[in-house]
Amino acid sequence: MPQAVAALAAIVLVRGQPLIVEWTPRYLGATLYLALFASVVAFASYLTLLRRIGAARAGYATVLFPIVALAVSTLVEGYRWTLAAILGAALALAGNVLVLRR
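Note that the structure is predicted; figures quoted are calculated from it, not measured.

A. Representation of helix H4 (residues 65-77) in the model. Between its terminal C-alpha atoms H4 stretches 17 Å, which fits the 18 Å expected from 13 residues at 1.5 Å a residue. One or two positions beyond H4, positive phi appears at glycine 78, with a value near 75 degrees.

B. Representation of the packing of aromatic side chains. Counted according to the given criterion, the structure contains three aromatic pairs. Here the aromatic rings of tyrosine 33 and phenylalanine 37 are separated by 5.3 Å at their centres, their planes lie at 25 degrees, and the arrangement is stacked. Taken together, the positions of tyrosine 33 and phenylalanine 37, both in helix H2 (residues 25-53) and four residues apart, correspond to about one turn of that helix. Overall, tyrosine 33 belongs to the partly exposed group, its relative accessible area being 46%.

C. Quick peek at H2. Taking 1.5 Å of rise per residue, the 29 residues of H2 would be expected to cover 42 Å, and the 39 Å separating its terminal C-alpha atoms lies within 8% of that figure. By the largest-angle criterion, tyrosine 33 marks the main kink of H2, which is about 30 degrees. Looking one or two places after H2, you find glycine 54, whose phi comes out positive at around 90 degrees.

D. Broad picture of the side chain of asparagine 96. Among the structural elements, asparagine 96 can be located in helix H5 (residues 83-100). According to the relative accessible area criterion, asparagine 96 is buried, its value standing at 8%. Residue contacts for asparagine 96: discarding those within four places in its chain leaves Tyr60, Val63 and Leu64.

Rules used throughout
Residues numbered from 1 in each chain as written. Predicted model: local features only at pLDDT ≥ 70, side-chain atom pairs only at ≥ 80, totals over all residues. Heavy atoms only, no water. Helix = DSSP H or I, 4+ residues; strand = E, 2+ residues; numbered from the N terminus. Expected span 1.5 Å × (residues − 1). Phe/Tyr/Trp six-rings, centres within 6.5 Å; stacked < 30°, edge-to-face > 60°. Buried < 20%, exposed > 50% of the residue type's maximum accessible area, 1.4 Å probe, protein only. Bend = angle between axes of the 7 residues up to and from the residue. Contact = heavy atoms within 4.5 Å.

As structure tokens, this is what we get:
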């Protein structure tokens, strides 16, 4: 992870783009949310899922992450579903159903 941060910083500096931190409640709140909830809590939840259902079955749950992201984006940001998004979600769900059936 530190290597990725260093690589991104290098790209930004090579492009001559400034590194800007907005000291506004909205920006800092979003950053705090991403650092705590979207990272720490999500990772802890996934570890709990691993312990409860095992790595093999939990791996299939990761297929649902983009579908959940699209659903949240629909509710919060007004995302409009395209045919490709609908077909992709349907295929992901169908694949999970096929794999997880006994």
